[in-house]
Amino acid sequence: MAEECDKVKILPCSADSSALLSFVLPYEKLCVALVSHILQGKSHFFQVQTDDAVVRDVFSFSDSGQIFHCFPDAYGQRRGELLRILTDFFRSQQEHEFFNVIGEEKGTDLIKQAVLAARRQKIQHEQKYLLLEQKSSGDKYNFNRLPTMRDEYEKLAILRCSPDMIDLLLPLQIAYEKEEVLWQNEPLDEHVTRLSFHRALRTQQVFALSKNGRFIAKGGTNAQGKKYVQLGGMYTLPSERGKGYGSEVLRHISAEMKAQGKKMVLFAKVENAPALHLYKKCGFAKIGRFEIAYF
């Protein structure tokens, strides 16, 4: 059943709908996770369209309550109209629980307002990011001449990670989540972290730098689309920062993705100046703003 307002309506659609993928691909760099879900056939998909069957916007929500979206005109002339029909839509979805909304800032703000207007939910936390795309290979860098004192016994290697390496990598992932993911004073559930990281090792491309047999830096994809991948989980242990390790992991991933014919985007916290400096050195430039809002 469609939620209608004037000549615009929201309709459910199948992940194998050609119109669905055709609509989002021109905006893929802004919504890689949504494209990934479409390609995998995951989630419940909906399109906003007019009576003449022209698709205007697309969004999805998963069984776990994550909302992804592609709203090219979220702040345009249709914003008021979109907000009304989205509010009616989320009011009709009382059997579903919504955990968060993730994506380009304008669309996230639109859906956030619709959910708040339609349901008895409040914002628990929200985080703003800059959305970046790699436009060039960045500064020239020689991994064999990293700016740090070394001795002849120091051994460095970057490895593609697999699920059977989880016990070696888990301390690094836990440190990353404590510093970069958890809200203030939120406790870490190591069991949940292990399960989600094991899934990432199975389904994504994760790389880590080993120094003398100990993993000290990592990064990889968290969404893989048609032409783009979205990077995430970039992290270097505090004691190993400023030595070029993060840059080398990122450049290694860049070379791997280029060999696969993929372009790269990522999002970084607005206030994280060291990370933004690293990404700029590696050829990334701002293409928009990104937001995650938790209900």
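Up top you'll find the structure we're talking about.
Residues numbered from 1 in each chain as written. Predicted model: local features only at pLDDT ≥ 70, side-chain atom pairs only at ≥ 80, totals over all residues. Heavy atoms only, no water.

## Here we look at the overall build of the chain
Okay, step 1: For the chain, the count of helices and strands is 8 helices and 13 strands.
Okay, step 2: Since a compact globule built from 295 residues should have a radius of gyration of about 19 Å, the 20 Å found for the chain is in line with a globular shape.
Okay, step 3: Structurally, the chain occupies a C-alpha span of about 70 × 40 × 35 Å along its principal axes.
Okay, step 4: Counting every position in the chain, which comprises 295 residues, the buried fraction comes to 52%.
Okay, step 5: Approximately 15000 Å² of the chain is accessible, and the part contributed by carbon and sulfur atoms is 50%.
Okay, step 6: Put simply, the chain has 41 plus and 36 minus side-chain charges, and the middle of one group is 5 Å from the middle of the other. (Helix = DSSP H or I, 4+ residues; strand = E, 2+ residues; numbered from the N terminus. Rg over C-alpha atoms; globule rule 2.2 N^0.38 Å. Buried < 20%, exposed > 50% of the residue type's maximum accessible area, 1.4 Å probe, protein only. Areas by Shrake-Rupley, 256 points an atom, 1.4 Å probe, with all protein chains shown as cover. Lys, Arg positive; Asp, Glu negative; His and termini not counted. Charge placed at Lys NZ, Arg CZ, Asp CG, Glu CD.)

## Some words on helix α4 (residues 105–118)
Okay, step 1: Taking 1.5 Å per residue, 14 residues should reach 20 Å; α4 reaches 20 Å between its end C-alpha atoms and fits that length.
Okay, step 2: The buried count for α4 comes to 10 of 14 residues, which makes it a mostly enclosed element.
Okay, step 3: Among the residues making up α4, those that are buried are E105, G107, T108, D109, L110, I111, K112, A114, V115 and A118.
Okay, step 4: Where α4 is buried, its residues contact β4 (55–61), β5 (66–70), α3 (79–91), β6 (100–104), β7 (125–134) and β13 (284–294). (Expected span 1.5 Å × (residues − 1). Contact = heavy atoms within 4.5 Å.)

## Digging into helix α5 (residues 166–181)
Okay, step 1: The first and last C-alpha atoms of α5 sit only 19 Å apart over 16 residues, clearly below the 22 Å expected at 1.5 Å per residue.
Okay, step 2: Looking only at α5, the buried set comprises I166, L169, L170, L172, Q173, I174, Y176 and E177.
Okay, step 3: Among the structural elements, α6 (190–203), β9 (206–211), β10 (214–224) and β11 (228–236) are those in contact with the buried residues of α5.

## Some thoughts on the nonpolar core
Okay, step 1: L169, L231, L250, I253, Y279 and F284 are the most contacted members of the largest nonpolar core, which has 38 residues in total.
Okay, step 2: Per-element accounting of this core gives the leading share, 6 residues, to α5.
Okay, step 3: In this structure, L21, V55, C70 and I102 belong to the second largest nonpolar core, which totals 27 residues. (Core = buried A, V, L, I, M, F, W, Y, C linked by side-chain atoms within 4.5 Å.)

## Overview of the side chain of S247
Okay, step 1: Within the fold, S247 resides in helix α7 (residues 245–259).
Okay, step 2: Note on S247: relative accessible area 5%, which makes it buried.
Okay, step 3: Filtering out sequence-adjacent residues up to four positions away, S247 remains in contact with L278, K281 and C282.

## A closer look at the pairing of β9
Okay, step 1: Burial within β9 is extensive, with 6 of its 6 residues counted as buried.
Okay, step 2: Burial along β9 is two-sided: the face carrying V206, A208 and S210 and the face carrying F207, L209 and K211 are both buried.
Okay, step 3: Pairing of strand β8 (residues 156–160) with β9 involves 5 bridges; the strand directions are antiparallel. Bridge pairing in β9 links L156 to K211. (Pairing = 2+ DSSP bridges.)

## A few points about the side chain of K218
Okay, step 1: With respect to the secondary-structure elements, K218 resides in strand β10.
Okay, step 2: Of the side chains with opposite charge, E177 comes closest to the buried, unpaired K218, at an N-O distance of 7.5 Å.
Okay, step 3: Reaching out from K218, the side chain makes a polar contact with the backbone oxygen of G233 at a distance of 2.6 Å.
Okay, step 4: Contacts of K218, omitting those with residues within four sequence positions, involve L172, Q173, Y176, F207, A208, G233, M234, Y235 and V249. (Salt bridge = Lys/Arg side-chain N within 4 Å of Asp/Glu carboxyl O. Polar contact = N/O pair within 3.5 Å; in protein donor to acceptor, adjacent residues only side chain to side chain.)

## Focus on the state of the cysteines
Okay, step 1: All chains considered together, the criterion is met by 0 disulfides.
Okay, step 2: We note that C13 lacks a disulfide partner, and the nearest cysteine sulfur, in C70, lies 12 Å from it.
Okay, step 3: Between C31, a cysteine without a disulfide, and C70, which holds the nearest cysteine sulfur, the sulfur-to-sulfur distance is 4.1 Å.
Okay, step 4: A residue is classified by how much of its surface remains accessible, and C31, at 6% relative accessible area, is buried. (Disulfide = S-S within 2.5 Å.)

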